[in-house]
Amino acid sequence: TQLLEQSPQFLSIQEGENLTVYCNSSSVFSSLQWYRQEPGEGPVLLVTVVTGGEVKKLKRLTFQFGDARKDSSLHITAAQPGDTGLYLCAGVESGYSTLTFGKGTMLLVSP
Amino acid sequence: DSGVTQTPKHLITATGQRVTLRCSPRSGDLSVYWYQQSLDQGLQFLIQYYNGEERAKGNILERFSAQQFPDLHSELNLSSLELGDSALYFCASSPRGGGARNSPLHFGNGTRLTVT
């Protein structure tokens, strides 16, 4: 079983639409990170959340860490083709130090 | 550009062979992490080195080994290769050794290994 479950696995939308992707676990995390990976490249960090209930905004992207620090969501407003990529959540379990990744959500935004 | 350099970009080899993947971390970063990415498993943590010493171990097979040299570059050695070892192998670096809790990882662009 995967420590971090991401949903949906694949999302295809039109430019201008809004979307939310989810990252869920039964474990508690001391911090959770979101990365975006484009074809042929490594993941690039978007944000780190560390406090339960924390909300962070990065332009049109809004990240939320669940109150219990077991889940997170990423909301994109008015998606653009440049948002296309694999969105990965990754967490450090409480008491551990290594970063565990979910399998990701592949987002395709068409013009 | 993350500042992390991985070579080679592509590697094609036969089953049973041995290969070495190389990683140069960002300038100043002391920790190096190795991850394997495949379609079915996603990104799987293999091993972490900090300033030359092994710091954490993940799902790394016994046929795989790694080391970090005094100049902080790292090598991942894969031996007795099997078809299932075909994957993208990523190296990442971070400034500190305390893990990724407060220290984001900077990834290289990976080495694509194909075992035939």
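A brief report on the enclosed structure follows. (Residues numbered from 1 in each chain as written. Chains lettered and ligands numbered in written order. Predicted model: local features only at pLDDT ≥ 70, side-chain atom pairs only at ≥ 80, totals over all residues. Heavy atoms only, no water.)

## Comments concerning the nonpolar core
Ranked by size, the top nonpolar core spans 21 residues in total, and within it Leu-19, Leu-32, Trp-34, Phe-63, Leu-74, Ile-76 and Leu-107 of chain A carry the most contacts. When contributions to this core are tallied by element, the ones reaching two or more residues are strand E3 (19–24), strand E4 (29–37), strand E5 (44–49), strand E7 (61–65), strand E8 (71–76), strand E9 (85–93) and strand E11 (105–110) of chain A. Apart from the residues within four sequence positions on either side, Leu-107 of chain A is in contact with Leu-11, Ile-13, Leu-19, Ile-76, Asp-83, Thr-84, Gly-85 and Tyr-87 of chain A. In this structure, Trp-34, Ala-87, Cys-91 and Leu-113 of chain B belong to the second largest nonpolar core, which totals 20 residues. (Core = buried A, V, L, I, M, F, W, Y, C linked by side-chain atoms within 4.5 Å. Buried < 20%, exposed > 50% of the residue type's maximum accessible area, 1.4 Å probe, protein only. Helix = DSSP H or I, 4+ residues; strand = E, 2+ residues; numbered from the N terminus. Contact = heavy atoms within 4.5 Å.)

## Comments concerning the interface of chain B and chain A
Each partner contributes to the interface: chain B provides 20 residues, whereas chain A provides 22 residues. Contact between chain B and chain A buries roughly 1500 Å² in total, counting both sides, with carbon and sulfur atoms accounting for 53%. Our count for the chain B to chain A interface comes out at zero salt bridges. Counting the contacts that link chain B with chain A gives five residue pairs in polar contact (both at pLDDT 80 or more). Counting only elements with at least two residues in the side of chain B that touches chain A, the list comes to strand E4 (31–38) and strand E5 (42–50) of chain B. Examining the composition of the side of chain B that touches chain A, we find that four residues originate from one element, E5 of chain B, more than from any other. Within the side of chain B that touches chain A, the residues separate by chemical class into nine nonpolar, nine polar and two charged. (Buried area = accessible area lost by both parts, 1.4 Å probe. Salt bridge = Lys/Arg side-chain N within 4 Å of Asp/Glu carboxyl O. Polar contact = N/O pair within 3.5 Å; in protein donor to acceptor, adjacent residues only side chain to side chain. Nonpolar A, V, L, I, M, F, W, Y, C, P; charged D, E, K, R; others polar.)

## A word on the pairing of E4 of chain A
Residues and elements named next belong to chain A. Among the nine residues in E4, eight count as buried, and that is most of the element. Inspection of the sheet shows E4 paired to E9 by eight bridges, in the antiparallel sense. Among the inter-strand pairings, Trp-34 is bridged to a residue of E9, identified as Cys-89. As judged from the five bridges shared by E4 and E5, these two strands associate in the antiparallel manner. Opposite Arg-36, over in E5, you have Val-44 as the bridge partner. (Pairing = 2+ DSSP bridges.)

## Some words on the sheet that holds strand E8 (residues 74–78) of chain B
Residues and elements named next belong to chain B. Read from one edge of the open sheet, four strands run E1-E3-E8-E7, paired in antiparallel fashion. Of all the strands in the sheet, just strand E1 (5–7) and strand E7 (64–68) have a single pairing partner and so form its edges. Adjacent strand axes in the sheet meet at a mean angle of 15° when their direction is disregarded. Note that strand E3 (residues 19–24) and E8 share five bridges and pair antiparallel. Of the residues in E8, the one forming a bridge with Cys-23 is Ser-74. (Axes fitted to C-alpha atoms, helices over the stretch in contact; angles between N-to-C directions.)

## Observations concerning the state of the cysteines
Put plainly, two cysteines are in a disulfide when a covalent bond ties their sulfur atoms together. On inspection of all chains with the given rule, the structure shows two disulfides over all chains. Residue Cys-23 of chain A pairs covalently with Cys-89 of chain A via a disulfide, S to S 2.0 Å. Every disulfide takes its handedness from the sign of the S-S torsion; for Cys-23 of chain A and Cys-89 of chain A that torsion is 75°, giving right-handed. Here Cys-23 of chain A is found in strand E3, whereas its partner Cys-89 of chain A is found in strand E9, with 66 residues between them in sequence. Grouping residues by exposure puts Cys-23 of chain A and Cys-89 of chain A together as buried. There is a disulfide in this structure between Cys-23 of chain B and Cys-91 of chain B, and the S-S distance comes to 1.8 Å. Sign of the S-S torsion, about -50° for the bond between Cys-23 of chain B and Cys-91 of chain B, identifies this disulfide as left-handed. Of the two residues, Cys-23 of chain B sits in strand E3 while Cys-91 of chain B sits in strand E9 (residues 87–94), which places them 68 residues apart along the sequence. Comparing Cys-23 of chain B with Cys-91 of chain B, the two get one shared label, buried. (Disulfide = S-S within 2.5 Å.)

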